[in-house]
2 protein chains.
Amino acid sequence: MKKNKDPIYVTQPLLPNFDDLKPEIQEIFENKWVTNQGQKHNLLEKKLEKALKVQNVSVFNNGTIALLTSLKALNLPIGSEIITTPFTFAATPHCISWNNLNPVFCDIEYNTMTIDADKIEQLITPNTSAILPVHVYGFPCDVKKIDKIAKKHDLKVIYDGAHAFSTEINGKGIGTFGDITMFSFHATKLYTTIEGGCLAYNNPELKNRIYNLRNFGIKNEEEVVDIGINGKMNEIQASIGLLNLDLYKNEQKKRMKIKNAYVEQLRDVEDIRIPSIPKNTTDSGQYFPIVIEDSFGINRDKIYDNLKEYNFFARKYFYPICSDYTPYKNLKSSSINNLPVANDLKNKVLCLPYYGDLDHKTIVQICDIIKSFS
Amino acid sequence: MKKNKDPIYVTQPLLPNFDDLKPEIQEIFENKWVTNQGQKHNLLEKKLEKALKVQNVSVFNNGTIALLTSLKALNLPIGSEIITTPFTFAATPHCISWNNLNPVFCDIEYNTMTIDADKIEQLITPNTSAILPVHVYGFPCDVKKIDKIAKKHDLKVIYDGAHAFSTEINGKGIGTFGDITMFSFHATKLYTTIEGGCLAYNNPELKNRIYNLRNFGIKNEEEVVDIGINGKMNEIQASIGLLNLDLYKNEQKKRMKIKNAYVEQLRDVEDIRIPSIPKNTTDSGQYFPIVIEDSFGINRDKIYDNLKEYNFFARKYFYPICSDYTPYKNLKSSSINNLPVANDLKNKVLCLPYYGDLDHKTIVQICDIIKSFS
């Protein structure tokens, strides 16, 4: 097989047609209302509430600032412990730590790679204030079990749904579970505003609090009632978001075809596991991870290297895991004994190139390289 | 005098010509590199270093996230005290508090309305870790005195230069003073990227630290070395910033003419004071504040209300002051005894409409309304 002419990356941003965006930006420039909760910003919030099937949406300049804000909104005591997963992007534990809360890592399930709900309770101490599970790759956590634990121990639940835009469980928007769910609209995400994100939540009383925390605590011209920062999404981001609301479903459809093509190619390969989304759950189409078991011909890193030689850039996602990072590696909960599954899977999982415009030939080539080692 | 047909606000965003911006965005969309320290982002940093006459610039998604990050970059101990001014926008104390540091308010000078350097030392305790003065309205703080105090007591100095883009003292960029200076590029600022900001600093060792803090602590594909968040400026913001670098000087020139017109109209009005920028200092042209003394015919609020009736929207900036805000009003340093000048000026200062396209007729009308009460 010849090296692919152009590099194929794990994803490509889904952007609106520039001709559709032009009049939107022109309008923003003419009105000179370019940020600070403008018309497009407010319209986007309304439309996202529908798209995500949630009660309330507050949009942000990015998902990390949204997550950082969610932790403040729930009044978690400084220094308290937040149980989370190490099998996530760095932003998850960083938002906890930046706010001077303490992340406590819990191991993950072998199948969905989300937090193992059966291992949460043993990590709860009198100092625990919240659980921060992640719907990783868009695979939903065990929301029922987590809800039960949270109620029993009076803990808040914040879901990191960065990968889970539009995922539903039994027809319910995934943002309706827990106290708050964060979605990311980063360029690498299915649905994007280039940078951006939002918080979704049921409790209408959180609306004002989050509004204030996102905009300097300003209640009105003469009252500042809370310690807020600047998490505002500007009007250009919002206009991209409005246009992309018309595009992401088609992208999802195209990705489902690509997923089927990958599955077709790989399902009979021994010791390559394709994690499957639980029943009654819709697939966000965010990533296509495979698991290369030890018994396979070569290990994940060698597959990754081989693909790279042909100009196919898969992603070791997640490797390393958060409990390996310099700021966290010495935490008690970062011990390998506490996180056997996460430490096993970090060496086995590989996210393959996955976006609507990926052509069938490329999929076959990628799978042929993998299969050549079986 | 008849009510003005259209409302005149205190400022208008300075935006590039949309025809100049179009090809820039088109290029970004074609390359599909829309964020994550792209080409335009990196070029903007280089060009800002020249424009601001500083050694290092790191751009951010907004000035608040930049300031929040600067406080982490200097490793200030949690719970330590930061001496700052109450005569500033809410973001200044909020960044301190969000990071679980404690703001301590110091009174201001009557003339420049910046922190009164002679009152800083009496507020220093063993728990003080830094001083956070603000170059308010672009008026520079007494950087020499502040530097001396900081050296004597081994304190860090972070300047909030949100209003001071391009200000120079004796030909030196204002961002060269202190450890770090934050500039804001919000839509209301002379120089804007719609939302945006930067940190400027001399110490090259801070470069990596700030880079990491701004981008999730990611050192490379396999190492996360610090607790970082997402402070990234995207490529569209950066392209607006690049175009505006060619525009802000002309806007400044136009504002200087407007300032002269205001001064011409108001300088002989008894008990209206026009604060003047110190010698050997360039004027950023950010705001045009006037001070209405008690002995003037009517008070500031009535002037504000009268202007409003004619559709002229001045701004009581700053009223209230940060020490009046709900989260801070009970601090020991918020007592009126500690802040007599700030509490006096908050009732007297008024920022008049001030932007390049403001026409002479409007200036005369605004001044006529004010003068009618003298």
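Here the structure is a predicted model, which is why all the values come from computation and not from measurement. Along each chain, numbering runs from 1 in the same order as the chain's sequence is written. Lettering of chains starts at A and numbering of ligands starts at 1, both following the order in which they are written. With pLDDT at 70 or above as the cut-off, local features in this predicted model cover only qualifying residues; side-chain atom pairs require 80 or more to be listed or tallied, and sums for whole chains, interfaces and linings still use all residues.

The helix and strand labels rest on DSSP assignments: H or I over at least four residues marks a helix, E over at least two residues marks a strand, and numbering proceeds from the N terminus. Of the regular secondary structure elements, chain A holds 11 helices and 14 strands. Using C-alpha atoms as the atom set, the radius of gyration is obtained and then compared with a globule rule of 2.2 Å times the number of residues to the power 0.38. Computed over C-alpha atoms, the radius of gyration of chain A comes to 21 Å, within 12% of the 21 Å expected from 2.2 N^0.38 for 374 residues, which places it in the range of a compact globule. By its C-alpha atoms, chain A is 70 × 55 × 40 Å across when sized along the principal axes. The buried share of chain A, taken over its 374 residues, is 53%. By the criterion used throughout, residues are in contact when their C-beta atoms, derived from the backbone, lie within 7 Å. When contacts within chain A are restricted to residue pairs at least 6 apart in sequence, those whose partners lie at least 24 apart make up 72%. With C-beta atoms placed from the backbone, the exposure class of a residue follows from how many other C-beta atoms lie within 10 Å of its own: 20 or more, buried; 12 or fewer, exposed; in between, partly exposed.

This part is about the relation of the copies chain B and chain A. Residues below a pLDDT of 70 in either copy are left out; the C-alpha atoms of the rest, at least 70 in both, set the least-squares superposition of the copies. Superposition of chain B onto chain A requires a rotation of 180° combined with a translation of 0.0 Å along the rotation axis, giving an RMSD of 0.0 Å. A rotation of that kind, with that shift, is consistent with a two-fold axis. Considering only C-alpha atoms, the part of chain B nearest the rotation axis is B:Asn99, at 3.2 Å. Comparing interface residues between copies, 100% of those in chain B also lie at the interface in chain A; the contact surface is shared.

Further remarks concern the interface of chain B and chain A. The partner chain A presents 45 residues to the 44 residues of chain B that form the contact. Ranked by residues supplied to the side of chain B that touches chain A, first place goes to helix H1 (residues 18-31) of chain B with five residues.

Looking now at the confidence of the model for chain A. Of all residues in chain A, 100% have pLDDT values of 70 or greater, and the mean over the chain is 97. Reported confidence for the predicted complex is 0.97 by ipTM and 0.98 by pTM. Per-residue confidence from the predictor is given as pLDDT, running between 0 and 100.

Here the focus is the domain arrangement of chain A. All names here are of chain A. Examined at the domain level, chain A breaks down into domain 1 (18-244) and domain 2 (248-371). Counting residues at the interface gives 34 residues for domain 1, matched by 31 residues for domain 2. Of all the secondary structure elements, the ones that give two or more residues to the side of domain 1 that touches domain 2 are helix H4 (91-98), strand S3 (102-105) and strand S6 (168-169). Across the side of domain 1 that touches domain 2, the residue classes break down as 19 nonpolar, 11 polar and four charged. Those domain boundaries reflect an automatic or database domain assignment. Three residue categories are used. Nonpolar comprises Ala, Val, Leu, Ile, Met, Phe, Trp, Tyr, Cys and Pro, charged comprises Asp, Glu, Lys and Arg, and polar comprises the others, including Gly.

Residue and element names in this part refer to chain B. Only C-alpha atoms enter the line fits that serve as axes; for helices the fit covers just the stretch in contact. Angles between N-to-C directions range over 0 to 180 degrees. Interaxial distance between helix H3 (residues 63-73) and helix H4 (residues 91-98) falls to 9 Å at its minimum, and their mutual angle equals 45°. Overall, the two elements H3 and H4 adopt an arrangement that is oblique. The two elements H3 and H4 meet at a crossing, and its hand is right-handed. Two secondary-structure elements touch here, H3 through Gly63, Thr64, Leu67, Leu68 and Leu71 and H4 through Ala91, Cys95, Ile96 and Trp98. Of the residues that constitute the contact of H3 with H4, the class distribution is seven nonpolar, two polar and no charged. Under this scheme an angle from 65 to 115 degrees is roughly perpendicular, one under 35 degrees roughly parallel, and one over 145 degrees roughly antiparallel; angles in between are oblique. Handedness of a helix crossing follows the sense of rotation of the near helix relative to the far helix, less than a right angle counterclockwise being left-handed and clockwise being right-handed.

The next point concerns the sheet that holds strand S14 (residues 349-351) of chain B. All names here are of chain B. Note on pairing: DSSP must find at least two bridges between two strands before they are called paired. The strand order across the open sheet built from three strands is S12-S13-S14, with neighbouring strands paired in antiparallel fashion. The sheet is open, and its two borders are formed by strand S12 (272-273) and S14, each paired with just one other strand. The sheet contact formed by strand S13 (residues 289-292) and S14 spans three bridges and is antiparallel. The residue bridging Val291 from the neighbouring strand is Val349, located in S14.

This brings us to the pairing of strand S3 (residues 102-105) of chain B. Residue and element names in this part refer to chain B. Sheet analysis places strand S2 (residues 81-84) next to S3, joined by four bridges and oriented parallel. Bridging from a neighbouring strand, Ile82 pairs with Pro103 of S3. Crossover S2 to S3 through H4 is right-handed. We call a crossover right-handed when, viewed with the strands running away from us, the connection from the first strand over the helix to the second turns clockwise.

Tracing the backbone shows B:Asn234 in the loop between strand S11 (223-224) and helix H7 (235-244). Under the C-beta neighbour-count criterion, B:Asn234 is labelled buried, with 30 such atoms within 10 Å. For the pair B:Asn234 and B:Gly38, spaced 196 residues apart in the sequence, the C-alpha separation amounts to 7.7 Å. Look past the residues within four positions of B:Asn234 in its chain and what remains in contact with it is A:Ile194, A:Glu195, B:Val34 and B:Thr35.

A word on the sheet that holds strand S9 (residues 197-201) of chain B. All names here are of chain B. Overall, mixed pairing links the seven strands, which are arranged S1-S9-S8-S5-S4-S2-S3 in an open sheet. Since the sheet does not close on itself, it has two edges, and those belong to strand S1 (56-60) and S3, each with one partner. Averaged over all pairs of adjacent strands, the angle between their axes in this sheet comes to 25°, without regard to strand direction. Set on the sheet, helix H2 (residues 39-51) makes contact with S1 and S9; between it and S1 the angle comes to about 135°.

Bringing the nonpolar core into the picture now. For this analysis, nonpolar core means a set of buried Ala, Val, Leu, Ile, Met, Phe, Trp, Tyr and Cys residues linked through C-beta atoms within 7 Å. Formed by 211 residues in total, the largest nonpolar core has its most connected members in A:Cys198 and B:Cys198. One finds A:Ala187, B:Leu21, B:Ile25 and B:Ile236 within the second-largest nonpolar core, a separate group that totals 16 residues.

Bringing the environment of A:Leu68 into the picture now. For A:Leu68, the location among the structural elements is in helix H3 (residues 63-73). A tally of 27 C-beta atoms within 10 Å means that A:Leu68 is categorised as buried. As a C-alpha pair, A:Leu68 and A:Met256 span 188 residues in sequence and 32 Å in three-dimensional space. Among residues more than four places away in sequence, those in contact with A:Leu68 are A:Cys95, A:Trp98, A:Asn99 and B:Ile229.

To continue, consider helix H8 (residues 248-266) of chain A. Expected helix span is computed as 1.5 Å times (number of residues minus one). Its 19 residues place the ends of H8(A) 26 Å apart at the C-alpha level, agreeing with the 27 Å of an ideal helix rising 1.5 Å per residue. Buried residues along H8(A) sit against helix H7 (235-244), strand S12 (272-273), strand S13 (289-292) and helix H11 (360-371) of chain A.

What follows is about unusual backbone geometry. Residue and element names in this part refer to chain B. In this structure, Phe318 follows Tyr317 across a cis peptide bond, with omega equal to 25°. Mapped onto the elements, Phe318 comes out in the loop between helix H9 (300-309) and helix H10 (340-345). Along the chain, Tyr319 connects to Pro320 via a cis peptide bond; the corresponding omega equals -5°. Position of Pro320 among the secondary structure elements: in the loop between H9 and H10.

Here we come to the environment of A:Leu242. All names here are of chain A. By secondary structure assignment, the location of Leu242 is in helix H7. Sequence separation of Leu242 and Pro16 is 226 residues, and the distance between their C-alpha atoms is 9.5 Å. Excluding anything up to four places from it in sequence, Leu242 contacts Lys40, Leu43, Leu44 and Lys47.

Before going further, it helps to spend a moment on H7(A). The buried count for H7(A) comes to nine of 10 residues, which makes it a mostly enclosed element. Along H7(A), the residues that are buried comprise A:Glu235, A:Ile236, A:Gln237, A:Ala238, A:Ser239, A:Ile240, A:Gly241, A:Leu242 and A:Asn244. In the core, the buried residues of H7(A) are packed alongside helix H1 (18-31), helix H2 (39-51) and H8 of chain A together with H7 of chain B.

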